[in-house]
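Chain residues, written in single-letter form:
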Amino acid sequence: MKQLIPSIYYVGVNDRNKERFECLWPLSSGVSYNSYLVVGKKIALIDTVDVRFFATFLDNIREVIGTRPIDYLVINHMEPDHSGCIGLIRQVYPDICLVGNKKTLQMAEGFYCQSGPSLCVGEGSELSLEGMDLRFYLIPMVHWPETMVTYEPQSGTLFSGDAFGCFGALNGGVLDSEMDVEPYFPEMIRYYSNIVGKYGTQVQMALKKLGGLTLRRICPTHGPVWSESIGRVIAAYQRMSLYEGEQGVSLIFGSMYGNTLLMAESVAEGLVKGGLKNFTMHKLSRTDPSYLIADAFRFKGLLLGAPTYNNGLYPLMEQLLSDLRHRGLKNRLIGCFGSFTWAGQAVKHLTEFATAPGMEMVGEPVEMKQGFTRETGLKCRQLGEAMARRILEAE
Ligand code: FEO
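Reference entry: report on the structure contained in this document. (Residues numbered from 1 in each chain as written. Predicted model: local features only at pLDDT ≥ 70, side-chain atom pairs only at ≥ 80, totals over all residues. Heavy atoms only, no water.)

### Remarks on the packing of aromatic side chains
Next up, step 1: Per the counting criterion, the structure on display carries 14 aromatic pairs.
Next up, step 2: Ring centres of Tyr192 and Phe297 lie 6.4 Å apart, and the angle between their planes is 70°; this geometry places the pair in the edge-to-face category. Of the two residues, Tyr192 sits in helix H5 (residues 184-196) while Phe297 sits in helix H9 (residues 289-298), which places them 105 residues apart along the sequence.
Next up, step 3: Residue Tyr192 is classed as buried on the basis of its relative accessible area of 0%.
Next up, step 4: A ring pair is formed by Tyr309 and Tyr314, whose centres lie 6.5 Å apart and whose planes are at 75°; its orientation type is edge-to-face.
Next up, step 5: Each residue in the set Phe164, Tyr192, Tyr237, Tyr243 and Phe297 is aromatic and connected to the rest through ring pairs, giving one cluster.
Next up, step 6: Of note, Arg190 hangs over the ring of Tyr291, and the distance from its end group to the ring centre comes to 4.3 Å.
Next up, step 7: A cation sits over an aromatic face here: Arg232 above Phe185, 3.7 Å from the ring centre. (Phe/Tyr/Trp six-rings, centres within 6.5 Å; stacked < 30°, edge-to-face > 60°. Helix = DSSP H or I, 4+ residues; strand = E, 2+ residues; numbered from the N terminus. Buried < 20%, exposed > 50% of the residue type's maximum accessible area, 1.4 Å probe, protein only. Lys NZ or Arg CZ within 6 Å of the ring centre and 35° of its normal.)

Structure, rendered in structure tokens:
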């Protein structure tokens with residue numbers, strides 16, 4: 001439990017056991033499920049936590065309000081990592097009124113057979129807690145259709161749901177001002193790109209809608225409460241939702257026996273020769289896709305290399321391209337290289353990706369038959385240099 005300001009308390013929990021968020025995305029540093037109490041004469045609980053943590057969650061609540069009842073449970077988002085305790089909370093607080101929009105309340109009934117007291121709110125609806133006020137804004141598809149945020153105007157507090165959240169448990173502190181936030185920012189990019197990345201247009205609409213609010217703190221459902229980093233957090237969301245990359249490159253390659261790997265090493269030499277320092281290298285078979293997707297969202301440049309496989313593209317690269325297409329990635333500078341033994345297909349597929357609408361292909365694709373040669377290395381270095389020059393002139 002943590003008091004953020006006299007009337008707002010953090011009552012969330014850490015999950016350091018879950019291996020993969022949504023059974024998909026690895027959690028190397030855990031994740032927090034954030035929940036908040038807003039205390040006026042009446043009390044509102046903002047979101048709940050994963051059902052496995054109900055006992056700790058209830059302890060946190062009782063530490064703040066003792067035996068007082070909770071009047072409202074505001075559900076900003078129905079994904080079960082936040083809605084999972086609705087039924088149990090109602091067993092403890094049978095008179096609690098569930099607050100959500102029309103879609104929220106339908107989902108609450110569908111997921112948890114909830115048909116008790118409820119208040120249906122819409123865009124701009126207000127709810128007085130007699131001493132604190134709550135106002136609701138709908139932000140559909142950030143990242144579910146029912147998603148909304150809750151704003152408390154007196155304190156300038158935005159309860160933002162998943163928006164502005166990140167992976168990573170909270171290590172002792174809750175507020176950004178009391179911790180080193182640097183490890184959380186890459187995890188915000190990974191969270192956003194993998195889970196929300198498809199919905200850039202809807203995130204832009206949400207940012208415009210919330211742009212006029214006075215914000216003193218943003219309380220997301222995962223990760224730190226943002227106060228002194230609000231500007232940086234919003235700027236990151238602006239950039240990601242516009243699919244704008246930073247001045248750098250991610251070099252991602254697959255290799256089975258080391259020949260395409262040697263091509264990648266030469267491309268990297270070309271990047272350095274061209275004066276670029278800000279780049280990452282990932283071998284597909286050694287890196288979880290969530291980190292590749294995150295770097296593809298982070299950087300303006302992508303260098304993609306893979307062998308031909310089964311008369312098509314190396315499967316892990318094929319999967320990555322599918323992941324990026326599915327998320328609508330665009331505005332990228334892309335260079336390609338690849339290899340084959342008897343019939344070339346990899347470079348053809350990579351070139352199709354690099355020349356799709358919204359993409360710009362950089363340099364000459366390099367295609368290698370069988371083993372790596374000095375001549376191939378020279379072409380790969382030229383490709384890397386061309387990418388470095390294009391990235392550096394793009395700013
Ligand atoms: Fe944290 Fe979309 O649930």
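### Quick word on the layout of surface pockets
Next up, step 1: The calculated volume of the largest pocket comes to roughly 330 Å³.
Next up, step 2: Along the wall of the largest pocket there are 18 residues; nearest its centre are Met256, Pro307, Thr308, Phe340 and Thr341.
Next up, step 3: For the lining of the largest pocket, the elements supplying multiple residues, two or more each, are helix H8 (259-273), strand S19 (299-309) and strand S21 (332-340).
Next up, step 4: Per element, the largest residue contribution to the lining of the largest pocket is 3 residues, and it comes from S19.
Next up, step 5: When the residues that make up the lining of the largest pocket are grouped by side-chain class, the tally is 8 nonpolar, 10 polar and no charged. (1 Å grid on protein atoms, 1.4 Å probe; cavity = no way out; pocket = protein on both sides within 12 Å on 5 of 7 lines; lining within 4 Å. Points joined across faces, edges and corners; volume = space filled by probe spheres on them. Nonpolar A, V, L, I, M, F, W, Y, C, P; charged D, E, K, R; others polar.)

### Digging into the pairing of strand S8 (residues 43-46)
Next up, step 1: Covered by surrounding structure in S8 are Ile43 and Leu45 together with Ala44 and Ile46, the residues of both alternating faces.
Next up, step 2: Taken together, the 4 bridges between strand S7 (residues 36-39) and S8 define a ladder with antiparallel strand orientation. Counted as the bridge partner of Leu37 is Leu45 from S8.
Next up, step 3: Taking the residues that link successive antiparallel strands as the turn, the S7-S8 hairpin has 3 residues.
Next up, step 4: Two elements, S8 and strand S9 (residues 72-74), share 3 bridges in a ladder whose sense is parallel. Note that in S9 the partner of Ala44 across the bridge is Tyr72.
Next up, step 5: Between S8 and its parallel partner S9, the chain crosses via helix H1 (residues 54-65), and the hand of that crossover is right-handed. (Pairing = 2+ DSSP bridges. Right-handed = clockwise from strand over helix to strand, strands pointing away.)

### A closer look at the sheet that holds strand S13 (residues 133-138)
Next up, step 1: Pairing in this open sheet of 5 strands is mixed, and the strands run S12-S13-S14-S15-S16 from one edge to the other. Of all the strands in the sheet, the pair left with one neighbour each is strand S12 (126-128) and strand S16 (217-220). Between one strand axis and the next, the sheet turns through 20° on average, direction left out of account.
Next up, step 2: Bridging between S13 and strand S14 (residues 148-152) involves 4 bridges; their strand directions are antiparallel. By the bridge assignment, Tyr137 is partnered in S14 with Val149. (Axes fitted to C-alpha atoms, helices over the stretch in contact; angles between N-to-C directions.)

### Some details on the nonpolar core
Next up, step 1: Counting 114 residues, the largest nonpolar core has Leu37, Phe57, Ile61, Ile89, Trp226 and Leu304 as its most contacted members.
Next up, step 2: The element that contributes the greatest number of residues to this core is H5, accounting for 8 residues.
Next up, step 3: Both domains that furnish three or more residues to this core are identified here as domain 1 (2-241) and domain 2 (246-394).
Next up, step 4: Beyond its immediate sequence surroundings of up to four residues, Ile61 is in contact with Val11, Leu37, Leu45, Gly66, Ile70, Ile89 and Tyr93.
Next up, step 5: With 21 residues, the next largest nonpolar core counts Ala268, Met368, Cys380 and Leu383 among its residues. (Core = buried A, V, L, I, M, F, W, Y, C linked by side-chain atoms within 4.5 Å. Domains from an automatic or database assignment. Contact = heavy atoms within 4.5 Å.)

### Description of the sheet that holds S7
Next up, step 1: Here we have 7 strands laid out as an open sheet, ordered S1-S2-S7-S8-S9-S10-S11, and mixed in their pairing. Only two strands of the sheet have a single neighbouring strand rather than two, namely strand S1 (2-5) and strand S11 (118-120). Along the sheet, successive strands turn relative to each other by an average axial angle of 25°, direction set aside.
Next up, step 2: Pairing analysis gives 3 bridges linking S1 to strand S2 (residues 8-10), with the strands arranged antiparallel. Residue Gln3 lies in a different strand from S2, and its bridge partner there is Tyr9.
Next up, step 3: Its contacts with the sheet put H1 on S2, S7 and S8, and the angle it makes with S7 is roughly 20°.
Next up, step 4: Seen against the sheet, helix H4 (residues 102-112) touches strand S10 (97-100) and S11 and runs at an angle of roughly 130° to S10.

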